[in-house]
Amino acid sequence: MISLSKKYLTSIEDLTAEEILNLIEHAIEFKKNNDGNSSNQSLSGKTLALLFEKPSTRTRLSFETAMFQLGGNTIYLNSNDLQLSRGESIEDTSRTISLYVDCLVARVNSHNTILELVQNCKIPVINGLSDLYHPCQILADLMTILEHKKSFEDLTLAWVGDGNNVCNDLLIGCAKMGININAAIPQSYEPPQPILDVVIKESKLKNSRFTIVREPIDAVKNADVVVTDTFVSIGKEKEDEKRKSTFIPKYQVNGKLMGYSKDDAIFMHCLPAKRGQEVTSDVIDGKKSVVWDEAENRLHVQKSLLASLLG
Ligand code: CP
Ligand code: NVA
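This report concerns the structure included in the present document.

## A short note on the side chain of T280
So, point 1. Locating T280 in the fold gives a position in the loop between strand 9 (266–269) and helix 11 (281–284).
So, point 2. Its relative accessible area of 15% is what places T280 among the buried residues.
So, point 3. One polar contact links T280 to D282, side chain to side chain, over a distance of 2.5 Å.
So, point 4. Sequence-distant contacts of T280, defined by excluding residues within four places in its chain, comprise Q252, V253, N254 and G255.

Next up, the structure:
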């Protein structure tokens, strides 16, 4: 297991292609040996804190289980229960957390909070989702693609929907691994320009294709991987009606749209899914769907990441 060049993970941009591949290869090893009662106790005596400003099912569960199976401990911190909610600064909170635990996973509203935590903590900080990025999800997504497609070469991934946190990191991660990308995103919902610039730069380095289109069929036609996510991310609830009228029905991944992908294409979604909105049940429960492998892989990749940062 290689040690990572950066001792934090704010975005998939922090990792090199070699590091991503190495993390995935180790995650595949963890998956092979997964009996829920791992003989690998390499994180014995280590404690991971999970500081969450937003709800979570998979991220919290997979990190807590990963730590437990590797012999470590976790402490879940709902931000409302901390003095942070009464005005204690991030600086002082970070210094305090660093005195007790070995690593911090944070799920935050504003990505600036992740950057402030990285700056002020003396321990590795992992972004467990911010408004801009979701790197742990993308590690699991890339692992799932590799498992099902055996290689990243000559693949085309179609993103359909909102240019959100998952989209941002997925585009960067795919570009780094040389996967061609067709993104179907409505006007004014694209990722921010600095993120697009990174995707363009990484795609050029790998000689792969990156296009943004408005027509989902143009993106999905002959794609190997089709991915979507909610149209209304946490924190965007006030825009619920406006977003639904922009995205539905045009950007919904349904059986008809999925029919344009290759016969052996896979469908992915980070979950939670709003069935009937961004995806229909026939797709998410259909034969091309690998969403449960994708969810399971969160656990294995989390182990790989924790072992790299703390082992
Ligand atoms: N995909 C994902 O991060 O799920 P949770 O919000 O349930 O953690
Ligand atoms: N884009 C979604 C992802 C949830 C895992 C959100 O931020 O709510």
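Here the narrative resumes.
## As for the site of ligand 1
So, point 1. For ligand 1, the full set of nearby residues is S56, T57, R58, T59, R107, H134, Q137, C270, L271 and R298.
So, point 2. T57 is positioned such that a nitrogen or oxygen atom in its backbone is 2.7 Å from an oxygen atom of ligand 1.
So, point 3. Within the side chain of T59, a nitrogen or oxygen atom sits 2.7 Å from an oxygen atom of ligand 1.
So, point 4. Bound to the protein, ligand 1 loses 94% of the 260 Å² it would expose on its own.
So, point 5. Partitioning the shell around ligand 1 into residue classes produces two nonpolar, five polar and three charged.

## Observations regarding the pattern of salt bridges
So, point 1. Taken as a whole, this structure holds 13 salt bridges when the rule is applied.
So, point 2. Its salt-bridge partner being K149, residue D264 comes within 3.8 Å of it at the nearest N-O pair. Note that D264 is positioned in the loop between helix 10 (255–258) and strand 9 and K149 in helix 5 (residues 135–149), a separation of 115 residues in sequence.
So, point 3. The exposure class of K149 is buried, given its relative accessible area of 16%.
So, point 4. Overlapping salt bridges bring together D162, E239 and R243 as one network.

## Some thoughts on the environment of E147
So, point 1. In this fold, E147 is placed in helix 5.
So, point 2. We classify E147 as partly exposed; its relative accessible area is 22%.
So, point 3. Between the C-alpha atoms of E147 and K32, which are 115 residues apart in sequence, the distance is 12 Å.
So, point 4. Beyond its immediate chain neighbours, meaning those up to four positions away, E147 contacts K31, D293 and N297.

## Here we look at the nonpolar core
So, point 1. The biggest cluster of nonpolar side chains holds 85 residues, and the ones touching the most others in it are L142 and L306.
So, point 2. Top element by residues in this core is helix 12 (residues 291–310). It accounts for nine residues.
So, point 3. Among residues more than four places away in sequence, those in contact with L142 are I20, I24, F152, G173, C174, M177 and I179.

## A few points about the sheet that holds strand 2 (residues 73–78)
So, point 1. Reading across the sheet, the four strands line up as 2-1-3-4 and stay open at both edges, with parallel pairing between neighbours. If you trace the sheet from one side to the other, it starts and ends with strand 2 and strand 4 (125–127), each paired once. Across the sheet, the mean angle separating the axes of adjacent strands is 20 degrees when strand polarity is ignored.
So, point 2. In terms of strand pairing, strand 3 (residues 103–107) meets strand 4 through three bridges, oriented parallel. Across the sheet, A106 pairs through a bridge with N127, a residue of strand 4.
So, point 3. Lying on the sheet, helix 2 (residues 58–69) is in contact with strand 1 (47–52), strand 2, strand 3 and strand 4; it crosses strand 1 at an angle near 170 degrees.

## Focus on the site of ligand 2
So, point 1. Around ligand 2 sit L129, N164, N165, V166, D229, T230, S233, I234 and L271, and that is every residue in its neighbourhood.
So, point 2. If ligand 2 stood free it would expose 270 Å²; the protein chains cover 94% of that surface.
So, point 3. Broken down by class, the residue content of the shell around ligand 2 amounts to four nonpolar, four polar and one charged.

About the cut-offs
Numbering of residues begins from 1 in every chain and follows the order in which that chain's sequence is written. Think of it this way: whatever chain is written first is A, whatever ligand is written first is 1, and the rest follow in order. The predicted origin of the model limits local features to residues at a pLDDT of at least 70 and limits the giving and counting of side-chain atom pairs to 80 or more, whereas totals for whole chains, interfaces and linings rest on all residues. Calculated side-chain values reflect all of the structure's heavy atoms, with hydrogen atoms and water omitted. To qualify as a helix, a DSSP run of H or I must reach at least 4 residues; to qualify as a strand, a run of E must reach at least 2; elements of each kind are numbered from the N terminus. Think of it in three bands: with a 1.4 Å probe and only protein chains considered, a residue is buried below 20% of the maximum accessible area for its type, exposed above 50%, and partly exposed in between. Between N or O atoms, a polar contact is any pair within 3.5 Å; within protein, one atom must be a potential hydrogen donor and the other a potential acceptor, and residues adjacent in sequence are included only when both atoms are from side chains. Residue contacts follow a heavy-atom distance rule, with two residues in contact if any of their heavy atoms lie within 4.5 Å. Residues are counted as near a molecule or strand when any one of their heavy atoms sits within 4 Å of it. All accessible areas in this document rest on Shrake-Rupley with a 1.4 Å probe, and a residue is counted as covered only by the protein chains that are shown. Amino acid classes used here: Ala, Val, Leu, Ile, Met, Phe, Trp, Tyr, Cys and Pro are nonpolar; Asp, Glu, Lys and Arg are charged; the rest, including Gly, are polar. Salt bridge criterion: a side-chain nitrogen from Lys or Arg within 4 Å of a carboxyl oxygen from Asp or Glu. Put simply, a nonpolar core is a bunch of buried Ala, Val, Leu, Ile, Met, Phe, Trp, Tyr and Cys residues held in one set by side-chain atoms that sit within 4.5 Å of each other. The rule for pairing is simple: two strands pair if DSSP sees at least two bridges between them. To get an axis, fit a line to the C-alpha atoms, keeping to the stretch in contact for a helix; angles then go from 0 to 180 degrees between the N-to-C directions.

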